[in-house]
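# A look at the structure
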Amino acid sequence: MVVHYDFNEGSGTTIGNKGPGGDGELVNAHAGAWLSSGSADGSGYLNFDNTIGSGSDAMHITTGLAGAAGNPFFGDTDYTSKAWVRFTTNETES
């Protein structure tokens, strides 16, 4: 595992990594990005609100892994990604 983010910082823009890759950075964070409670286990979470910004202006996490010269991660190789996501609405495109 190269990147393992818990997203349990509660504030700030640095996202700690438990894997061997570098920390992540929260970019374009809005005022309500960090919530102190409300997850399934009662802890806080990071709220990616889709009503604030879009494209490169949207809130997102950068890992610093892609594009670095000589970077052994995320080159021309297969990899697996996993995320736990909580949706607050059930919208579909038509």
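Here is a short report on the structure shown in this document. (Residues numbered from 1 in each chain as written. Predicted model: local features only at pLDDT ≥ 70, side-chain atom pairs only at ≥ 80, totals over all residues. Heavy atoms only, no water.)

Moving on, we get to the pattern of salt bridges. Going through the model one piece at a time under the given rule, you end up with one salt bridge. Asp-6 is the salt-bridge partner of Lys-18, the closest N and O atoms lying 2.6 Å from each other. With a gap of twelve residues between them, Lys-18 in the loop between β1 (14-15) and β2 (24-27) and Asp-6 in the segment before β1 connect regions that are remote in the sequence. In this structure Lys-18 comes out as exposed when scored by relative accessible area, which is 60%. Note on Asp-6: relative accessible area 35%, which makes it partly exposed. (Salt bridge = Lys/Arg side-chain N within 4 Å of Asp/Glu carboxyl O. Helix = DSSP H or I, 4+ residues; strand = E, 2+ residues; numbered from the N terminus. Buried < 20%, exposed > 50% of the residue type's maximum accessible area, 1.4 Å probe, protein only.)

For the rest of this paragraph, the subject is the environment of Glu-25. Among the structural elements, Glu-25 can be located in strand β2. For Glu-25, a relative accessible area of 42% gives the class partly exposed. Sequence separation between Glu-25 and His-60 is 35 residues; the distance between their C-alpha atoms is 8.3 Å. Residue contacts for Glu-25: discarding those within four places in its chain leaves Thr-13, Ile-15, His-60, Ile-61 and Thr-62. (Contact = heavy atoms within 4.5 Å.)

Another aspect to go through is the packing of aromatic side chains. This structure, assessed with the given rule, holds one aromatic pair. Here the aromatic rings of Tyr-5 and Phe-7 are separated by 5.7 Å at their centres, their planes lie at 65°, and the arrangement is edge-to-face. On the basis of relative accessibility, which here comes to 16%, the residue Tyr-5 falls in the buried class. Of the residues examined, Phe-7 reaches a relative accessible area of 26% and is grouped as partly exposed. (Phe/Tyr/Trp six-rings, centres within 6.5 Å; stacked < 30°, edge-to-face > 60°.)

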